[in-house]
Every structure is written in C-alpha cells, then in structure tokens.
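Spelled out, the chains give:
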Number of protein chains: 2
Amino acid sequence: MAVEAPIRIGILGCAEIARKLSRAISLSPNAALSAVASRSIDKARAFAVANGFPPHAKIYGSYESLLDDPDIDAVYVPLPTSLHLHWAVLAAKKSKHLLLEKPVGLNVSEFDTILEAVDSSGVQLMDGTMWMHHPRTLAMKDFLSDADRFGQLKTVHACFSFAADPDFLKNDIRVKPDLDGLGALGDAGWYCIRSILWAANFEPPKTVIALPGAALNESGVILACGASLHWEDGKSATFHCSFLSNLTMDITAIGTKGTLHVNDFVIPYQEKEAYFSTGTETGFNELVTGWVPQPSKHVVITDLPQEARMVREFANLVGAIKNGSKPEKKWPIISRKTQLILDAVKASIDKGFTPVEVVY
Amino acid sequence: MAVEAPIRIGILGCAEIARKLSRAISLSPNAALSAVASRSIDKARAFAVANGFPPHAKIYGSYESLLDDPDIDAVYVPLPTSLHLHWAVLAAKKSKHLLLEKPVGLNVSEFDTILEAVDSSGVQLMDGTMWMHHPRTLAMKDFLSDADRFGQLKTVHACFSFAADPDFLKNDIRVKPDLDGLGALGDAGWYCIRSILWAANFEPPKTVIALPGAALNESGVILACGASLHWEDGKSATFHCSFLSNLTMDITAIGTKGTLHVNDFVIPYQEKEAYFSTGTETGFNELVTGWVPQPSKHVVITDLPQEARMVREFANLVGAIKNGSKPEKKWPIISRKTQLILDAVKASIDKGFTPVEVVY
C-alpha cells in the first residue's frame, strides 16, 4: 500500500477550542496542520507559533484567502455559530471538506443550507462532537446494543453543566445573542441531545417538551434549561444543560435488563483511560439488604485522545473521497438529528414549554 | 443512667418486607420483637418461627387483638396502602406508636386523618423510608449543606426502577388498584420524591408536572412515570420511577459549586459500607483535555444496617415519649411533604400531564 499524503487542514479563526484541535491535528497520523486564518494576521501568526504549527504552515489574514488556497484539503471551523452558515457554505463551494464545531447552525434551516452546499460540492461534513470518537463510546454502545446485557432502552437521562465564571457570563460568545444565540442549549445541550439520540440508535423522538423555568440572560440567551423527549414506543429521556451549575457530565441509560452510567461522557476525567459502569439484571439478595449482582466498572484505554481520533476519522474519510469514495453520510445525518431536536427544545421554550412534535 | 426496657414492637401482617424489619428489630439494641398478627394465626406462627421471634413473643390471629395487647408499645405496619388508614388510625387510638410503611396513605387526605389520630393520642409516627437513617445519608447531607463544597442547589435528578417479573406484574399488591393503587409512583416514586425533597432541605416545590407517557396497566395502576418539580428560586428536579426497567437507584444533585452522585441510595450495594461521590469546583485542565480536580469517592461504614438504625431511632423516640417527651414532629412533617408531592404528580397525570401547583 502506498503511503498516503496527510490531509492538509486549515483552521478558520483562533478560538480557544482551536488550540485543542491544533494539537489533535498534530497527533493524528493522517492529518497535517497546514494553515490558520484570522481577521488579524498577527493573531494568526501568534496562534501558529503558540500551537506548534510546522514552519511551512500558511498564515492568513482573512478566512477567504485560506479558502482560496488550493493546497488546503479541509478546514476546521471553530467560529461563533452565527458565522457558520456563511463560512461553511463558502468553504464547501471552494471544495474544502468541513470539520465544523457544534452547533452546526443556529437552526435546521441553516443546517440544511450548509448541507446542500456540502452535498453539491461532494465534500465531507463532520461536526466537532469529540466524545463520539472515543473508544469508550463504542464500548458503551456495544453494551446498549446487547439484548442480553441491556435489553430494550426504556429511559435516558443526560446532564452537562458547568459553572461559568462572571467573565464568561458577561463576555463569552456563548452568551451573546448575535454570536451563539442558543447559549447553553447550543453548547452543553448539544451534547446531551446527542447522547440521548446516540442511546436511542438515532431514532428521533416524536415529541419534545422543554421543562419550565429555563434561565435566560438579559438578552434572552439560554443559560440553563432542560427538556423531556418522548418516543411512540414509550421510551423517554430527560436532560439538563447549564452554565450555572458545577461541572457535571452524565449519561444514565436504563433498559429492560441493564443500566449504563457514565459521569464524564463529553471529556473524560483523564486522557489515556476512561470509565463507565454497567449493571445487568441487577437485583437484590434474599432479604433485600444488598445487590446481587452489583454493577461493574469498565476501563477503556485509548491510543490517541478522542479529539485526535475524531481528526483521524475525518481525515480518513477525506482521504477516501480523494481516492474516489463518496462522502460518509452518517455524520451529517446524526448532526442534523441533533440540530432538529435542539430546534424543538428551543421552539418549546419559545412557546411556553408546550409540547413540540418532531418532524423528521 | 438506668437501663431502659426495650420498646416492644408488634408487626401487623406477614408481608415480605416484614421479614427484613423483623431482623432489624432484633438487631436494634433498644427494641424487642414482641408480637406478630395475621388474619391466619398459622401464618403468624410460621412467620414468627421463620423470622427469629423469641419464644415469649405473642402470636395473634387478628390485627385487633394485637392492638389490644397492653404489653405492646408500638406497631410496624407493612399492610397494603389501602389498609393503612383503617389500621393506623385504630393503632393510634389504642396508643400504639406507629412505624408505617410507605406510602403512608393513598393521598394527603388519608395522611391527615392518620396524623390527626396520631396527634390526638400523642404517639410517634414514622414512615419506613430506611435510607434516611443510613449514616451515608447524613454524610451526603453534610456535603449538600456545605456552601463551600456544594454551594446552592440548582437541580436534582432521581431514579428508582426495577424490572418486575411477570408474576409481580400480575399478582403483586403494588399493581392492584384496590391495594396499592399508586403503583410504581407510591413505591419507587416515593423514594425519588423523598430524595428530591431531602436534597432541597424539604422545601416543597411550587409546581409539579408529570412527564407524558406514564405507563399504566389495564387497571390504570402506574407501572412507570416521571415528573419535573420546580421551585420559585429556579431550582428544578426530575425523577423517573418504574417497575419496567433494570434496577437503578440514583440521586444526582448539582449545586453552584458541587455535584453529588449516589447510585444505590435506597438500598446500598452492601450492608456494611456504602459509597457516594462528590466533586467540588470540578473543572478542566488548561487544554480542556481532562478534569482538575476530579470528583472523589467516599465510603461510609455503618455499625447497623439502615433498617435497624431506623428501628433504633424510632424506639429511641418512643422511649423518650414514655419518659415524658413529646413526639418528634420532624418525621411526620417530611412524610406529609412526600405524600403531598406524590398527590401532585398523580393529579398531573390524571389531568393530562399539566402543571399542578403545590399547596403546602
């Protein structure tokens, strides 16, 4: 087998999260950190120096010029959500494959416009939901898919909260209506919704209802909210996402025969190994004074951090397309479903916490 | 200090759970297993033999005759909920202190009738919620009460489910409308509601909304349901209770500064030691690739099983009353609040999952 050239990735913007992705691109064996663009070329240059870009990496003072570079295969877009539509569509038109931070768009309509551009250019679209790429996620999915160990899914609860500091709550793009207007729902809530869909084999719920009492800032941006999701077969899910509570990242999925717990699903406690616990047909001893059997803890070792595995997967798909394959539809499909439920939760909040039917 | 005579406890009925309580009474240093009554004296006798009653324990063929025994100080009542009103009121009138299985009544109105009888006789009322008496519960409460380690409570999620077998779903009293008409809500849901109130310092929520899609059997008894609870200050809680899902017993309480997780809150995995985990100001490392600090696990050793600690506490209160003290109001107060929220969830289900205001 011939040694393939690494996929050359450019980064649009110098967001905090782009530092982590720069490292991930460096760590990924099939990707190269090839360019960075900022509206300020000095900022781009400083970013490249601070984040281990190789000496030949290109530095651009505008996003357009990076997109016009024929030597860039793909772009990572960590821009504020309100800018995704413009830049993702333009990138697709310039035939750049897209690794796009979540939420992909401000709503499904934006998502679909991006998707059209991607489809018509034949480029790959993948969102930046890193935890999907951790081998732990695969191991947990094996458990959830096992009729003997887990049975049929009955309910899921997911939570992602973190206690934003006063500066974040005043200045972060995620609390600005013109930048990331979906606030905690678009940020932390995206992960909760994704985890619920993931547990439900990406079958969208029939109905979504936001829980009353969503916390909004003075501009109407969501700082904390929750919702329940309901499927026709009786499955249900709840989630809570917040910028106002201590860091928590739970998925609890309960089936007819088994239970899954994970408490650091978005970002594992440690980079090299990650845990989850499962119980199967857990029950009580004869006098109901203890559990038999008890749940057990599992550890999953990973060769690369989850974000580098994401880049590796993305670059593999881009490489395959360069060799004649079609883009992998799985990733945009699960992105779109996530965005669809996000829309439904937002609509339910806007309609006074009333049920919203999900039209897929 | 004089050695006090142990509190003489009689058991009304030979329910499965009464076996566990018989052992708990035996283990409690200040209580004596003094009598058992069943509608069948043979059944009562067999129960006494099988559950280590001392030779001098009284065996009765009717509940009335046990209640008429002047040598019995207190009764433990594990009868079906629909019988609580009658027997608890009669027991109180006969001046027997009451350790009453949950749910105390079928609704708050029944609860209040029992409470009136208890108050007018000056006897102690305590419900059989065992986990309240585990030293782990106190340790967890210390954490939740700590402004530095936990901050202000923002949200709680509780879950108690178990996978009932076909025989249970057909024949258990908890699926019979004339016996335990509240089904999974009165049984597993009681614990969830109690845990939420416990985490909220027993401040009742303002509004309760059942989640759509409660599962009912053909007689209309709840087999699975959920609800969200909402306080005026923005605190919220959700719970899920079920007879249809694998055994799971979670409390997750999240504050502004801390997070509590426990996964076996109703009945600990093991009798002698129990676990919970806490995180305080958990956050990320510099590149957001891991947690600093990570949550930590705590172990609590107990001298006696939680149900024996419950009996010991109950017998202590009864002993104090015999020595001139007043009944301890704390226990009926938290029981009543639990019953009140249970009523609200039931009302919300009956009203098509619409919000119910809690009037305390």
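Sequence order sets the numbering: in each chain, residues are counted from 1 along the sequence as written. Ligands are numbered from 1 and chains lettered from A, in the order in which they are written. Totals for whole chains, interfaces and linings use every residue, but because this is a predicted model, local features are given only for residues with pLDDT of at least 70 and side-chain atom pairs only at 80 or more, for both listing and counting. Excluded from the side-chain calculation are hydrogens and water; included are all heavy atoms of the structure.

### Quick look at the interface of chain A and chain B
Often, the extent of an interface is quoted as the loss of accessible area upon association of its parts. Tallying the contact residues gives 54 residues for chain A and 54 residues for chain B. For the pair chain A and chain B, the summed buried area comes to about 4300 Å², and 61% of that belongs to carbon and sulfur atoms. Buried area counts how much accessible surface, traced with a 1.4 Å probe, disappears from two parts once they are put together, with both parts' losses summed. Among the residues chain A hides against chain B, the three largest losses belong to Asn246(A), Tyr269(A) and Trp291(A). Together they make up 16% of the total. Here, a salt bridge means any side-chain nitrogen of Lys or Arg that lies within 4 Å of a carboxyl oxygen of Asp or Glu. Here chain A is connected to chain B by 2 salt bridges. Close ionic contact of Arg19(A) with Glu286(B) constitutes a salt bridge, the shortest N to O distance being 2.5 Å. Any N or O atom pair separated by 3.5 Å or less is treated as a polar contact, with the protein-specific requirement of one donor-capable and one acceptor-capable atom, and with residues adjacent in sequence counted only for side-chain atom pairs. Between chain A and chain B we count 29 residue pairs in polar contact (both at pLDDT 80 or more) in total. Only DSSP runs of H or I covering at least 4 residues are called helices, and only runs of E covering at least 2 are called strands; the numbering of each starts at the N terminus. Secondary-structure elements contributing two or more residues to the side of chain A that touches chain B are α1 (16–27), β7 (153–163), β10 (222–230), β11 (236–242), β12 (244–255), β13 (258–262) and β14 (273–280) of chain A. With 10 residues, the single largest contributor to the side of chain A that touches chain B is β12(A). Any residue outside Ala, Val, Leu, Ile, Met, Phe, Trp, Tyr, Cys, Pro, Asp, Glu, Lys and Arg is labelled polar, Gly included; the first ten of those are nonpolar and the last four are charged. Of the residues that constitute the side of chain A that touches chain B, the class distribution is 17 nonpolar, 26 polar and 11 charged. Any pair of residues with heavy atoms lying within 4.5 Å of one another is described as a contacting pair.

### Quick look at the relation of the copies chain A and chain B
To line up the copies, we fit them by least squares on C-alpha atoms, keeping just the residues with pLDDT of at least 70 in both. Once chain A has been moved 0.0 Å along the axis and rotated by 180°, it coincides with chain B to within an RMSD of 0.0 Å. Here the symmetry operator amounts to a two-fold rotation axis. Mapped onto chain B, 100% of the interface residues of chain A again fall at the interface, so both copies present the same surface.

### Topic: the sheet that holds strand β4 (residues 74–77) of chain A
Residue and element names in this part refer to chain A. The strand order β3-β2-β1-β4-β5-β6 describes an open sheet built from 6 strands, whose pairing is parallel. The open sheet has two edge strands, β3 (58–60) and β6 (125–127), and neither has a second partner. Each strand axis lies, on average, 25° off the axis of its neighbour in the sheet, ignoring direction. The pairing of strand β5 (residues 97–100) with β6 spans 3 bridges and is parallel. The partner of Leu98 across the bridge, within β6, is Leu125. Two strands qualify as a pair provided DSSP detects at least 2 bridges between them. To define axes, lines are fitted to C-alpha atoms, for helices over the stretch in contact only, and angles between the resulting N-to-C directions are given on a 0 to 180 degree scale.

### Observations concerning the packing of aromatic side chains
Pairing of aromatic rings covers Phe, Tyr and Trp, the last counted by its six-membered ring, and requires centre-to-centre distances within 6.5 Å; plane angles under 30 degrees mean stacked, over 60 mean edge-to-face, and any other angle means tilted. In this structure the tally under the stated criterion is 24 aromatic pairs over all chains. Ring geometry for Trp131(A) against Phe265(A): centres 5.2 Å apart, planes inclined by 90°, an arrangement best described as edge-to-face. Here the residue Trp131(A) occupies a position in the loop between β6 and α6 (135–144), and Phe265(A) occupies one in the loop between β13 and β14, the gap between them amounting to 134 residues. Note on exposure labels: buried denotes an accessible area under 20% of the residue type's maximum, exposed denotes more than 50%, and partly exposed covers the range between, all computed with a 1.4 Å probe on protein chains only. In this structure Phe265(A) comes out as buried when scored by relative accessible area, which is 1%. Pairing Phe47(B) with Phe53(B) gives two aromatic rings, centres 5.9 Å apart and planes at 75°, and the pair type is edge-to-face. Each member of the pair, Phe47(B) as well as Phe53(B), is classed as buried. In this structure an aromatic cluster arises from ring pairing among Phe160(A), Phe162(A), Phe168(A), Tyr191(A) and Phe243(A). Over a ring means this: the NZ of a Lys or the CZ of an Arg is within 6 Å of the ring centre and within 35 degrees of the ring normal. Above the plane of the ring of Trp198(A) lies Lys141(A), whose end atom (NZ or CZ) is 5.5 Å from the centre.

### Details of the domain arrangement of chain A
Residue and element names in this part refer to chain A. Where each domain begins and ends follows an automated or database-derived domain assignment. When cut into domains, chain A gives domain 1 (7–129) and domain 2 (132–306 + 339–357). Between domain 1 and domain 2, the contact holds 18 residues from the first and 20 residues from the second. Summed over both partners, the interface of domain 1 with domain 2 buries about 1600 Å², with 56% contributed by carbon and sulfur atoms. At the boundary of domain 1 with domain 2, the tally comes to 3 salt bridges. Across the pair Arg23 and Glu271 runs a salt bridge whose closest N-O atoms are separated by 2.8 Å.

### Some remarks on the UniProt feature "domain: GFO/IDH/MocA-like oxidoreductase" (unreviewed entry) in chain A
UniProt positions are given in the numbering used here, feature names are shortened, and annotations may be inferred rather than shown by experiment. The positions UniProt marks with the feature "domain: GFO/IDH/MocA-like oxidoreductase" (unreviewed entry) are residues 146–260 of chain A. Secondary structure content for residues 146–260 of chain A is 20% helix and 42% strand, and the end C-alpha separation is 12 Å.

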